[in-house]
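Chain by chain, the residues run as shown.
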Amino acid sequence: MASIPLLRLSLHRQPLLKPADAGRFTALRSPPDFPHPLKPTLHISPRPRPRPRSLAPSRPSIIMSYSTVPATERLISVAAYCLPFFNGLQYGRFLLMQYPSLGLVLEPILPILSFYRSVPYASFVAFFALYLGVVRNPSFSRFVRFNSMQAVVLDVLLVVPLLVNRIFNPGRAGVAFRLMVMAHNAIFVFLVACFLYSLGFCILGKTPYLPFVADAAERQL
């Protein structure tokens, strides 16, 4: 009978380690995780993928510059456009004869025009003075040089119809004469429009770009 209590004690004996301590014990008994001798131990991070570029073109940054043109440069530019205007008034003789009231518009500039025509070789002197003294002078700004060159190119283009008129000599009647009158009227209207357009832009301090003239003037600068 004395062996029965000993047997019960041996059957109900508590474990030597608690569950928490058992986990620590198994962790200590487990072999450490050493790298395999045949496997590389260097971990290479994957190369980042390049971001796809947008197909839309990038817009350039625009820098606005508000520079005021001096009054002297505006005055020189306005005076430069008087050269082709004075030399091209001869193309308006037929239009002024047909509409005499248009002559009233030119009355304010008649004193200046009469003085300009009273000077001998005034057209040639003004042409070379404008080209050599202003266009080829680097001391002037680009605003003055471009407007002066544009006026010079326009004055040169006005000589072409006169050469054509002298070569073909349309006479004073017939179809050729009518075509010449229409051409002169169109040239005069175009000249007046260019003069007023350039005059207004130069007074405002902006650069005028005349059709068929601005590209040729830009190449010469």
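Above this text sits the structure in question.
Residues numbered from 1 in each chain as written. Predicted model: local features only at pLDDT ≥ 70, side-chain atom pairs only at ≥ 80, totals over all residues. Heavy atoms only, no water.

A. Seen up close, the overall build of the protein chain. For the protein chain, the count of helices and strands is ten helices and zero strands. Here the protein chain holds 221 residues, and the buried ones make up 25% of them. Partitioning the intrachain contacts of the protein chain with sequence separation of at least 6 by distance along the chain shows that 74% fall at a separation of at least 24. Looking at the protein chain as shown, the accessible area adds up to about 17,600 Å², and 67% of this sits on carbon and sulfur atoms. (Helix = DSSP H or I, 4+ residues; strand = E, 2+ residues; numbered from the N terminus. Buried < 20%, exposed > 50% of the residue type's maximum accessible area, 1.4 Å probe, protein only. Contact = heavy atoms within 4.5 Å. Areas by Shrake-Rupley, 256 points an atom, 1.4 Å probe, with all protein chains shown as cover.)

B. Structural context of the side chain of R145. Inspection of the secondary structure assignment puts R145 in helix α7 (residues 142-157). Of the side chains with opposite charge, E218 lies nearest to the buried R145, which makes no salt bridge, at 9.3 Å. Discounting chain neighbours no more than four positions away, the residues touching R145 are V134, V135, N137, F140 and L221. (Lys, Arg positive; Asp, Glu negative; His and termini not counted. Salt bridge = Lys/Arg side-chain N within 4 Å of Asp/Glu carboxyl O.)

C. Molecular detail of the nonpolar core. Formed by 36 residues in total, the largest nonpolar core has its most connected members in F85, L89 and L130. Contributions of two or more residues to this core are made by α3 (71-87), α5 (110-118), α6 (122-135), α7, α9 (175-204) and α10 (214-220). Here this core takes eight residues from α7, the largest share from any one element. Non-local contacts of F85, meaning those with residues more than four positions away in its chain, are made with L106, I109, L191, V192 and F195. (Core = buried A, V, L, I, M, F, W, Y, C linked by side-chain atoms within 4.5 Å.)

D. Up close: α7. With 16 residues, α7 should cover 22 Å at 1.5 Å per step; its first-to-last C-alpha distance of 22 Å lies within 8% of that length. Taken across its 16 residues, α7 has 13 buried, putting it largely inside the fold. (Expected span 1.5 Å × (residues − 1).)

E. Geometry of the pattern of salt bridges. Applying the stated criterion across every chain, the model contains one salt bridge. Residues R142 and E218 are paired through a salt bridge, measuring 2.2 Å at the closest nitrogen-oxygen approach. Taken together, the positions of R142 in helix α7 and E218 in helix α10 put the pair 76 residues apart, joining distant regions of the chain.

F. Region of interest: the packing of aromatic side chains. Inspection of the entire model under this criterion finds seven aromatic pairs. With centroids separated by 4.5 Å and ring planes inclined at 45°, the aromatic side chains of Y197 and F201 adopt a geometry described as tilted. In this pair, Y197 and F201 both sit in helix α9, four residues apart, roughly one turn of the helix. Residue Y197 is classed as partly exposed on the basis of its relative accessible area, which comes to 31%. Accessibility expressed as a relative area gives 28% for F201, which makes it partly exposed. In this structure an aromatic cluster arises from ring pairing among F85, F86, Y116 and F195. (Phe/Tyr/Trp six-rings, centres within 6.5 Å; stacked < 30°, edge-to-face > 60°.)

G. Quick look at the environment of A71. For A71, the location among the structural elements is in helix α3. A relative accessible area of 61% means that A71 is categorised as exposed. Along the backbone, A71 and G205 are 134 residues apart, and their C-alpha atoms lie at a distance of 8.4 Å.

H. Up close: unusual backbone geometry. The residue Y121 is not glycine, and still its phi comes out positive at about 55°. Its place among the elements puts Y121 in the loop between α5 and α6. Classification of Y121 as exposed rests on a relative accessible area of 65%. Of note, the phi angle at F212 is positive, near 65°, even though the residue is not glycine. Checked against the element boundaries, F212 lands in the loop between α9 and α10. With relative accessibility at 74%, the residue F212 sits in the exposed group.

I. Geometry of a nonpolar patch on the surface. A contiguous nonpolar surface patch, about 680 Å² in accessible area, is contributed by L157, V159, V160, L163, V164, I167 and F168. Per element, the largest residue contribution to the nonpolar patch is six residues, and it comes from helix α8 (residues 159-168). Mapped onto the secondary structure, V160 falls in helix α8. Judged by its relative accessible area of 44%, V160 falls in the partly exposed class. (Patch = residues over 30% accessible without salt bridge, like charges linked within 9 Å, V, L, I, M, F, W, Y side chains within 5 Å.)

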